[in-house]
Amino acid sequence: MQPSTPPFDFIDAMTEAYGFLWRNRRIILLLAFIPLLIKVACLVVIFALDLETAYLRQGLLNLPAYFAEGALLCRLVVMAGKNGKTIAPLPAANNRLVMAATLLYVLIKLAQAFAGGLGMEFAMHQQVQEENAEGSASLFFASLFLLGFTIWAFRLVWLYIPLVQGYSMIEFLHRIRGMKTSFVMIGTWLLCFVPLALLLIIVAGLLGDMLGHSEETPSNIYRFLIIFMQSGLELVAVILSTLAIGFGVHSIMSGGAPKPRNKDLA
């Protein structure tokens, strides 16, 4: 029995992602300017309509941001290549792959919004049952199953990466079967998002003190600055995690096997 392909080294992948982002920060900043503006505009609409917890409607309102963000991420994955040492021009042959991967990215984000809405409904239902002392063993096991499925399904969030790289998605899923790779991907994602989330919390607290923002006396300037910062830091985090996972996908798919072509889009 052949052992499955081992997961990639997420420390090396993170190092390559940070290095690529820093070395090419000016080009990436230019490419990310329009997606950032679109993301800010979508978040302003969401906050203006008071839809912070309405995940399903958020997904629809964020559609323009998803398309812009997806196109940016897919282009950067192609330009970074296998190790991110040099930035490569986007070949004309990859345009169809970029378009297809962008559409897949949008579908994944909409699915996440739908799953987030269902998760909120499930959490509220569970809270009502606990308050009414109606908790049961079936609900507990259902929660465990949902948690396990969520951990396994985390790999599906990144399927646009092997697609834009020209790999077969079916072959990629076959090589990362099992739970081990999911935990590696989750660790990579956390290393990208947690430091920037902590930075946002710290800066938000400082800005709130400087501008005198509170629940009783809200500041519109504060809210706009937080929206702008949140959009920027989220975009940086998703760029870093996408690049790191992209380097990991190259490592997985090239380890001991030739690179399979994506025949569906050839």
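Quick look at the structure, then. (Residues numbered from 1 in each chain as written. Predicted model: local features only at pLDDT ≥ 70, side-chain atom pairs only at ≥ 80, totals over all residues. Heavy atoms only, no water.)

## Things to note about the overall build of the protein
Scanning the protein from N- to C-terminus turns up 10 helices and 0 strands. Listing the helices and strands of the protein from first to last along the sequence gives α-α-α-α-α-α-α-α-α-α. Excluding contacts between residues fewer than 6 apart, the proportion of contacts in the protein whose partners are at least 24 apart in sequence is 80%. (Helix = DSSP H or I, 4+ residues; strand = E, 2+ residues; numbered from the N terminus. Contact = heavy atoms within 4.5 Å.)

## Looking at the environment of Leu 211
Here Leu 211 is to be found in helix α9 (residues 180-211). Among the residues examined, Leu 211 registers a relative accessible area of 36% and is labelled partly exposed. In this structure the C-alpha to C-alpha distance between Leu 211 and Tyr 222, which are 11 residues apart in sequence, comes to 6.8 Å. (Buried < 20%, exposed > 50% of the residue type's maximum accessible area, 1.4 Å probe, protein only.)

## Thoughts on the environment of Leu 243
Along the polypeptide, Leu 243 turns up in helix α10 (residues 220-254). Each C-alpha atom of the pair Leu 243 and Tyr 18 lies 8.6 Å from the other, and the pair is 225 residues apart in sequence.

## Points about the nonpolar core
One finds Trp 158, Tyr 160, Met 185, Ile 239 and Leu 243 to be the most contacted residues of the largest nonpolar core, which totals 55 residues. Looking at this core, the elements that each hand over two or more residues are α1 (10-23), α2 (25-48), α4 (63-80), α5 (95-131), α7 (160-165), α9 and α10. The leading source of residues in this core is α10, at 12 residues. Residues within four places of Trp 158 in sequence aside, it is in contact with Met 185, Trp 189, Ser 241, Thr 242 and Ile 245. (Core = buried A, V, L, I, M, F, W, Y, C linked by side-chain atoms within 4.5 Å.)

## A few points about a nonpolar patch on the surface
The grouping of Val 44, Met 210, Leu 211, Ile 221, Phe 224, Leu 225 and Phe 228 at the surface amounts to a nonpolar patch, some 660 Å² of accessible area in total. With 4 residues, α10 is the single largest residue contributor to the nonpolar patch. (Patch = residues over 30% accessible without salt bridge, like charges linked within 9 Å, V, L, I, M, F, W, Y side chains within 5 Å. Areas by Shrake-Rupley, 256 points an atom, 1.4 Å probe, with all protein chains shown as cover. Salt bridge = Lys/Arg side-chain N within 4 Å of Asp/Glu carboxyl O.)

## Regarding the packing of α9 against α10
Two elements in contact, α9 and α10, have axes separated by 10 Å at closest approach and are oriented at 165 degrees. In this view, α9 runs roughly antiparallel relative to α10, as classed from their interaxial angle. Seen from above, α9 lies across α10 with right-handed handedness. Tallied by class, the residues present in the contact of α9 with α10 amount to 24 nonpolar, 5 polar and no charged. (Axes fitted to C-alpha atoms, helices over the stretch in contact; angles between N-to-C directions. Parallel < 35°, antiparallel > 145°, perpendicular 65-115°, else oblique. Left-handed = near helix turned anticlockwise from the far one by under 90°. Nonpolar A, V, L, I, M, F, W, Y, C, P; charged D, E, K, R; others polar.)

## Here we look at α9
Between its first and last C-alpha, α9 extends 46 Å over 32 residues, near the 46 Å set by a 1.5 Å rise per residue. Helix geometry: α9 is bent most strongly at Leu 190, by close to 25 degrees. Within α9, the full set of buried residues consists of Thr 181, Ser 182, Val 184, Met 185, Ile 186, Thr 188, Cys 192, Leu 196, Leu 200, Ala 204, Leu 207 and Gly 208. Downstream of α9 by one or two residues, Gly 212 has phi in the positive range, about 70 degrees. (Expected span 1.5 Å × (residues − 1). Bend = angle between axes of the 7 residues up to and from the residue.)

## Points about the packing of aromatic side chains
The description of an aromatic ring pair uses the distance of the two centres, along with the angle that the planes make with each other. Following the criterion strictly, the structure yields 5 aromatic pairs and no others. Summarising the aromatic geometry, the rings of Phe 154 and Trp 189 are spaced 5.9 Å apart at their centres and angled 65 degrees between planes, so their arrangement reads as edge-to-face. Note that Phe 154 is positioned in the loop between α6 (137-153) and α7 and Trp 189 in helix α9, a separation of 35 residues in sequence. Judged by its relative accessible area of 29%, Trp 189 is partly exposed. Through a chain of ring-to-ring contacts, three or more aromatic side chains come together here, namely Phe 154, Trp 158, Trp 189 and Phe 193. Across the ring face of Trp 22, the terminal group of Arg 25 is positioned such that the distance to the ring centre comes to 3.9 Å. (Phe/Tyr/Trp six-rings, centres within 6.5 Å; stacked < 30°, edge-to-face > 60°. Lys NZ or Arg CZ within 6 Å of the ring centre and 35° of its normal.)

## What to know about the side chain of Ser 182
Tracing the sequence through the fold places Ser 182 in helix α9. Look at Ser 182 and you get buried, because its relative accessible area is 0%. A distance of 3.4 Å separates the side chain of Ser 182 from the backbone oxygen of Trp 152, its partner in a polar contact. Once residues lying within four places of it in the same chain are set aside, the contact partners of Ser 182 are Ile 151, Trp 152, Phe 154 and Arg 155. (Polar contact = N/O pair within 3.5 Å; in protein donor to acceptor, adjacent residues only side chain to side chain.)

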